[in-house]
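Coordinate inspection notes
So you can see what is in the structure, the chains are spelled out below.
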Amino acid sequence: MPSVTHEALVELFKNRPTLAAEMLHDALGHPVPTFTEARVETSDLTEIVPSDRRADVVVVLLVGEQQRPAMAIVVEVQLGVDPDKPYVWPVYVTQTRARHRCPTQLLVVTINAAMARWSARPIDTGHLGWALTPLVLGPQGVPVVTDAEQAKAAPEVAVLSAMAHGQSEAAEAIGLAFLAAADELDEERRAVYGDLVLSSLNAAARRKLEAMMKSGYQFQSEFARSYVAKGREEGMREGTLKTKAQAVLAVLEARGLEVPVEVRERVLASTDLDELDRWIRRAAVVSDARELLATTES
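Presented here is an overview of the structure given in this document.

Conventions and cut-offs
Residues numbered from 1 in each chain as written. Predicted model: local features only at pLDDT ≥ 70, side-chain atom pairs only at ≥ 80, totals over all residues. Heavy atoms only, no water. Axes fitted to C-alpha atoms, helices over the stretch in contact; angles between N-to-C directions. Helix = DSSP H or I, 4+ residues; strand = E, 2+ residues; numbered from the N terminus. Parallel < 35°, antiparallel > 145°, perpendicular 65-115°, else oblique. Contact = heavy atoms within 4.5 Å. Nonpolar A, V, L, I, M, F, W, Y, C, P; charged D, E, K, R; others polar. Patch = residues over 30% accessible without salt bridge, like charges linked within 9 Å, V, L, I, M, F, W, Y side chains within 5 Å. Areas by Shrake-Rupley, 256 points an atom, 1.4 Å probe, with all protein chains shown as cover. Salt bridge = Lys/Arg side-chain N within 4 Å of Asp/Glu carboxyl O. Lys, Arg positive; Asp, Glu negative; His and termini not counted. Charge placed at Lys NZ, Arg CZ, Asp CG, Glu CD. Buried < 20%, exposed > 50% of the residue type's maximum accessible area, 1.4 Å probe, protein only. Phe/Tyr/Trp six-rings, centres within 6.5 Å; stacked < 30°, edge-to-face > 60°. Polar contact = N/O pair within 3.5 Å; in protein donor to acceptor, adjacent residues only side chain to side chain. Left-handed = near helix turned anticlockwise from the far one by under 90°. Core = buried A, V, L, I, M, F, W, Y, C linked by side-chain atoms within 4.5 Å. Expected span 1.5 Å × (residues − 1). Arc of directions from axis to C-beta. Pairing = 2+ DSSP bridges.

Moving on, we get to the packing of helix H7 (residues 171-182) against helix H8 (residues 187-200). At a minimum axis distance of 11 Å, the contact between H7 and H8 shows a crossing angle of 170°. Accordingly, the angle class assigned to the pair H7 and H8 is roughly antiparallel. Along the contact surface, H7 presents Gly175, Phe178 and Ala182, while H8 presents Arg190, Tyr193, Gly194 and Val197. Of the residues belonging to the contact of H7 with H8, the class tally is four nonpolar, two polar and one charged.

This brings us to a negative patch on the surface. A cluster of acidic residues, Glu7, Glu11, Glu187 and Glu188, forms a negative patch at the surface. Of all the elements in the fold, those that place two or more residues in the negative patch are helix H1 (4-15) and H8. Within the secondary structure, Glu188 sits in helix H8.

Turning next to the pattern of salt bridges. Once the charged atoms of two side chains with opposite charge are near each other, the side chains can pair. Inspection of the entire model under this criterion finds 15 salt bridges. Here Arg39 and Glu41 are joined by a salt bridge, their closest N and O atoms 4.0 Å apart. For Glu41, a relative accessible area of 24% gives the class partly exposed. One salt bridge connects Arg266 with Glu275, and the closest N-O pair in it is separated by 3.0 Å. For Glu275, a relative accessible area of 7% corresponds to the buried category. Members of the salt-bridge network, linked through shared partners, are Arg16, Glu22, Glu156, Asp186 and Arg189.

One pass over the structure, following the stated rule, counts one aromatic pair. Both rings, one in Trp89 and one in Trp118, keep their centres 6.4 Å apart while their planes meet at 65°; by these two values the pair is edge-to-face. Here Trp89, found in helix H3 (residues 85-100), pairs with Trp118, found in helix H4 (residues 113-119); they are 29 residues apart in sequence, far enough to count as distant. As far as the burial class goes, Trp89 and Trp118 line up, both buried.

Another point: the side chain of Ser270. Structurally, the position occupied by Ser270 is in the loop between helix H11 (261-269) and helix H12 (273-283). With relative accessibility at 4%, the residue Ser270 sits in the buried group. At 2.6 Å, the side chain of Ser270 forms a polar contact with the side chain of Glu275. Ser270 has contacts with Leu241, Glu275, Leu276 and Trp279, leaving out every residue within four places of it along the chain.

Turning to the packing of helix H2 (residues 19-27) against helix H6 (residues 155-165), a few remarks are in order. Think of two packed helices as two axes; the pair is described by the angle between the axes and how far apart they sit. For the pair H2 and H6, interaxial distance at closest approach is 10 Å and the crossing angle is 65°. The element H2 and its partner H6 pack so that their crossing is right-handed. Residue-level contacts link Leu19, Glu22 and Met23 of H2 to Glu156, Val157 and Leu160 of H6. When its residues are assigned to classes, the contact of H2 with H6 shows four nonpolar, no polar and two charged.

Nonpolar side chains in soluble globular proteins tend to end up buried together. Counting 48 residues, the largest nonpolar core has Leu12, Phe13, Ile73, Leu107, Val159 and Phe178 as its most contacted members. The element best represented in this core is H6, accounting for seven residues. Dropping the residues within four chain positions of it, Val159 is found in contact with Leu12, Phe178, Tyr193, Leu196 and Val197. Counting 22 residues, the second-largest nonpolar core is a separate cluster that includes Ala55, Val60, Ala72 and Trp118.

Along an α-helix, residues three or four positions apart point the same way, because every turn accommodates 3.6 residues. Under the 1.5 Å per step criterion, the end-to-end length of H7 is 16 Å for twelve residues, consistent within 8% with the ideal 16 Å. Listed in full, the buried residues belonging to H7 are Ala171, Ile174, Gly175, Ala177, Phe178, Ala181 and Ala182. Seen along its axis, H7 keeps its buried residues to an arc of 160°; they face one direction.

Next up on the list: the sheet that holds strand E1 (residues 37-41). Ordered in space as E1-E2-E3-E4-E7, the five strands form an open sheet in which the pairing is mixed. Strands at the two margins of the open sheet, each flanked by one partner only, are E1 and strand E7 (135-137). Across the sheet, the mean angle separating the axes of adjacent strands is 30° when strand polarity is ignored. Relative to E7, strand E4 (residues 104-109) runs parallel, the two being bridged by three bridges. By the bridge assignment, Leu107 is partnered in E7 with Leu135. Set on the sheet, H1 makes contact with E1, strand E2 (57-63), strand E3 (68-77) and E4; between it and E3 the angle comes to about 165°.

Structurally, Leu276 is set in helix H12. Separated by 33 residues in the primary sequence, Leu276 and Thr243 have C-alpha atoms spaced 9.8 Å apart. When near neighbours in sequence (up to four residues on either side) are disregarded, Leu276 contacts Leu241, Lys244, Ala245, Val248, Val267 and Ser270.

Written out as structure tokens, the structure reads:
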């Protein structure tokens, strides 16, 4: 079941069809063709993929009076390790390319640095000369939007900035930039985006913005109220995950075992509490840190 954070990120790319192209070009420096329109297309890929498999968002960049597809972008929001993704992502790309008959890119979006590294690993398809390397927009690639005019021009980018950098020192400035843009949004987006920004900011920045908006601010949208509630649950769960992951590494290091980068990243990226519990027990007996992953995969 997708988390509310996952759904919030997906909505940003659906609400602003040009966002995928902007992030590819502006944040990642990847070439994007000149286009006259960006359109969100169906992400249902059931012609090949089972019915429960679909991309999060598919955006097609169109050119000319005939609206010819110039590029398709498959957007996938990834917040946790999913061993299925290296197998289904190439299918998403090839099926989208076949449907729209144009070059197709895979853009993976995450607000977690460890997940950005996991998602960026080349996928060996097994076919000679074909390895798919996802283009990954992680927190480091998301712009820090503190300029009011920039927030007004692209409010979805401002919200994405808050979700990626809301716990940083720039949180208050990000929030103020978004508030300057909020009045120009329609009522629904103003409520949802405003709540998402506030719920993403650190406590000090949130208190200041709430005081500026009105005393005793209450979240306005049903979506965001759910986001905040689930966010608290996810925050507690993430804290537990982080503690257990650090415990795995601490046991390995206390025993004098070298922890390779790939093992460290895999442990820190885990979103499975049972898996981490198994790793804690295994960390006490393995002779090589790499055995931790080999044991899990066997």
